[in-house]
Amino acid sequence: MIVSKENKPLPVITDQTRPFWSAAKEGRFVMQKCQACGTFNFQPKPWCIECGCRDLEWAPAKPFGVVYSFTVSRSIAMNLAGWQDEMPLVMCLIDLDDGARMYGQLTDVDPETVRVGMRVAVHCESISEEAGIPKFRPHHD
Ligand SMILES: [Zn+2]
């Protein structure tokens, strides 16, 4: 596993996933969008999960969603000490407004207040020289 200087795991970046990490580094939230049917795909794939079309373009996605499921970690996450200052850590599955389901950390929240269906917004955090990562925080429309 590759880890950052903060001792957190770093993504293995491939040609297929690089646009996602690079955009997040610049604070932009993008996903692959099918040019045939309009479906947003996550995780990145060579073809559309809905119609199989290979004509996918990276496009801005609405940076909002709702909590589908979550878990709260109160001890060391992924056996890496870099997470220790952020305990307890809330990890979520988010149903994005644009349709895809994404895994991510929910920040700036009291874990006791997290609920399924809660509205969240994306914010991007730089994690290395070449990558940022989208995280989520509570959002009130
Ligand atoms: Zn499609």
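As a convention, each chain's residues are numbered from 1 in the sequence order in which they are written. Selection of residues for local features in this predicted model requires a pLDDT of at least 70, selection of side-chain atom pairs for listing and counting requires 80 or more, and totals for whole chains, interfaces and linings are taken over all residues. For side-chain calculations, the full set of non-hydrogen atoms in the structure is used, while hydrogens and water are omitted.

In the nomenclature of an unreviewed UniProt entry, the protein chain corresponds to Zn-ribbon domain-containing OB-fold protein from the organism Alicycliphilus denitrificans.

## What to know about the side chain of Gln 32
Helix and strand labels come from DSSP, where a helix needs a run of H or I of at least four residues and a strand needs a run of E of at least two; each type is numbered from the N terminus. Mapped onto the elements, Gln 32 comes out in strand β1 (residues 30-34). Residue contacts are defined here by distance: any two heavy atoms, one from each residue, within 4.5 Å place the two residues in contact. In this view, Gln 32 contacts Thr 39, Phe 40, Asn 41, Gln 43, Pro 44, Lys 45, Leu 56, Glu 57 and Trp 58; residues no more than four positions away in its chain are not counted.

## A look at the packing of aromatic side chains
The rule is short: rings of Phe, Tyr and Trp, with Trp giving its six-membered ring, pair when the centres are within 6.5 Å, and they are stacked under 30 degrees, edge-to-face over 60, tilted in between. In total, this model carries two aromatic pairs according to the counting rule given. Arranged with centres 5.1 Å apart and planes meeting at 80°, the rings of Phe 20 and Trp 21 form a pair that is edge-to-face. Here the two residues Phe 20 and Trp 21 agree in accessibility, since each one is buried. Their ring planes at 50° and their centres at 5.4 Å tell us that Phe 20 and Phe 42 sit as a pair that is tilted. Of this pair, Phe 20 sits in helix α1 (residues 18-25) while Phe 42 sits in the loop between β2 (40-41) and β3 (56-60); the two residues are 22 residues apart in sequence, bridging distant segments of the chain. Each residue's exposure class comes from its accessible area (1.4 Å probe, protein chains only) as a fraction of the maximum for that residue type: buried when under 20%, exposed when over 50%, partly exposed otherwise. On the basis of relative accessibility, which here comes to 6%, the residue Phe 20 falls in the buried class.

## So, the pattern of salt bridges
Salt bridges are defined by distance alone: a side-chain nitrogen of Lys or Arg within 4 Å of a carboxyl oxygen of Asp or Glu. Enumeration over the complete set of coordinates arrives at 11 salt bridges. The partner of Glu 26 in a salt bridge is Arg 28, and the shortest N-O contact between them spans 2.8 Å. Among the salt bridges present, the one from Glu 125 reaches Lys 135, with a minimum N-O distance of 3.0 Å. With Glu 125 in strand β7 (residues 119-126) and Lys 135 in strand β8 (residues 132-138), the pair connects residues that are 10 residues apart, well separated along the chain. A relative accessible area of 29% means that Glu 125 is categorised as partly exposed. Accessibility expressed as a relative area gives 5% for Lys 135, which makes it buried. In this structure, a network of salt bridges that share partners links the residues Asp 97, Arg 119 and Asp 141.

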